[in-house]
Amino acid sequence: MTIAVTAGSANLHLTGKGYLDASNKPGLELGLEVNQADARAALRLWPNFSAPLVRKWLVDHLRSGRLETMILALNFPPDVFEAALADKALPADSLMVNWRVSDVVIVPVPGLPPVRGVVSKGEASGQAVQLAFSGGMIETSPGRRLTIADGNFSVPDINRKPADARLRLRFSGAVDALAEFMRNPAVQSVAPKGIDPALVSGAVEGETTIVFRLVPQFSQSDPKLHLAASLRNVTL
């Protein structure tokens, strides 16, 4: 089977083969390449039976983006196909996906302001997911923003139930923007109290790490947030 589709600037090329082995057990091979497509629309092409909670997290938290390119290769012989349908562990080489997305808007934790303008490159296998980020910004309130230098998102073992995920972002900006960020209810448990953004100034560089489990019902209380920052020329 071969399918080629072009819609505006987006194009898709799909090859696939389903078959039965000598024991009449089904197997599946797919190859997919997508270019210049809406990122959320492209997520619908991610097979539901492969890393379903990673897919769900992206569907729930990715607001928009432009998929520059994605290449997927899926090889499910009958034993692996059966395991996938039963949501069991998959071999690493059963699935390989590489992609690049630009102009990403993502909300990593419910309640936090979105990270906008990110460029991301990533890869996924049957066992792990890795994404690297560059650029972007967080507008903590009108006129206050933190600039994202780089970061990464990783799920080292997608077959673990539940799987652990880790998001790291390096940022810089004005102290008042960070103070505004720390007033958000989603981070108040780890943030210092009583800092009024209107009464502070200076510059900040820092790093935040968010660790959470990929569970069917993601809640604001689930993620653990760690924040480290250095301040310069601060006035109160």
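What you see is a predicted model; the values in this text were computed from it and never measured.

So, on to the environment of Val104. Tracing the backbone through its elements, the reader meets Val104 in strand E5 (residues 95-106). Note on Val104: relative accessible area 5%, which makes it buried. In this structure, the C-alpha to C-alpha distance between Val104 and Arg66, residues 38 residues apart in sequence, is 6.9 Å. Filtering out sequence-adjacent residues up to four positions away, Val104 remains in contact with Leu62, Ser64, Gly65, Val115, Arg116, Gly117 and Val118.

When pLDDT is averaged along the chain, the result is 88; 97% of the residues meet or exceed 70. Taken element by element, the predicted model of the chain shows its lowest mean pLDDT in strand E1 (residues 2-7) (80) and its highest in strand E9 (residues 144-155) (94).

Turning next to the packing of aromatic side chains. Evaluated as defined, the whole model comprises three aromatic pairs. Seen from their ring centres, Trp57 and Phe153 are 4.7 Å apart, and the 10 degrees between their planes marks the pair as stacked. With a gap of 96 residues between them, Trp57 in helix H2 (residues 52-61) and Phe153 in strand E9 connect regions that are remote in the sequence. Here the two residues Trp57 and Phe153 agree in accessibility, since each one is buried. Centre to centre, the rings of Trp57 and Phe212 are 5.5 Å apart; their planes meet at 20 degrees, and the pair counts as stacked. Taken together, the residues span a long stretch of sequence, with Trp57 in helix H2 and Phe212 in strand E11 (residues 201-214) at a distance of 155 residues. In this structure, Trp57 and Phe212 share a single accessibility class: buried. Counting every residue linked through ring pairs, the aromatic cluster contains Trp57, Phe153 and Phe212.

Here we come to the environment of Ala51. Turning to its location among the elements, Ala51 is positioned in the loop between helix H1 (39-43) and H2. As a C-alpha pair, Ala51 and Glu180 span 129 residues in sequence and 36 Å in three-dimensional space. Contacts of Ala51, omitting those with residues within four sequence positions, involve Trp46 and Ile158.

Going through the model one piece at a time under the given rule, you end up with ten salt bridges. One salt bridge in this structure joins Asp150 and Arg170, with 2.5 Å as the shortest N-O distance. Placement of Asp150 in strand E9 and of Arg170 in strand E10 (residues 163-174) is noted, with a sequence separation of 20 residues between them. With a closest N to O distance of 4.0 Å, Arg183 and Glu180 form a salt bridge. The exposure class assigned to Arg183 is partly exposed, which follows from its relative accessible area of 45%.

A few words now on unusual backbone geometry. Following Lys161, the chain continues into Pro162 via a peptide bond in cis, with omega recorded as -10 degrees. You can see Pro162 is positioned in the loop between E9 and E10. Residue Asn24 is not a glycine yet carries a positive backbone phi of 65 degrees. Here Asn24 falls in the exposed class, since its relative accessible area comes to 57%. In this structure, Asp87 is a non-glycine residue whose phi angle is positive, near 60 degrees. One can find Asp87 in the loop between helix H3 (78-85) and E5. Classification of Asp87 by relative accessible area gives partly exposed; the value is 41%.

A few words now on the pairing of E11. Across twelve bridges, E10 lies against E11 in antiparallel orientation. Across the sheet, the residue bridging to Arg168 is Thr209, located in E11.

The buried count for helix H4 (residues 175-182) comes to eight of eight residues, which makes it a mostly enclosed element. Among the residues of H4, Val175, Asp176, Ala177, Leu178, Ala179, Glu180, Phe181 and Met182 are the ones counted as buried. Structurally, H4 contributes buried residues whose contacts are with strand E8 (137-141), E9, E10, E11 and strand E12 (224-235).

Taken together, the buried positions of H3 are Pro78, Val80, Phe81, Ala83 and Ala84. Those residues of H3 that are buried are in contact with strand E2 (10-20), strand E3 (26-38) and strand E4 (62-76). Downstream of H3 by one or two residues, Asp87 has phi in the positive range, about 60 degrees.

Each value, and the rule that gives it
- Residues numbered from 1 in each chain as written.
- Predicted model: local features only at pLDDT ≥ 70, side-chain atom pairs only at ≥ 80, totals over all residues.
- Heavy atoms only, no water.
- Helix = DSSP H or I, 4+ residues; strand = E, 2+ residues; numbered from the N terminus.
- Buried < 20%, exposed > 50% of the residue type's maximum accessible area, 1.4 Å probe, protein only.
- Contact = heavy atoms within 4.5 Å.
- pLDDT = per-residue confidence, 0-100.
- Phe/Tyr/Trp six-rings, centres within 6.5 Å; stacked < 30°, edge-to-face > 60°.
- Salt bridge = Lys/Arg side-chain N within 4 Å of Asp/Glu carboxyl O.
- Pairing = 2+ DSSP bridges.

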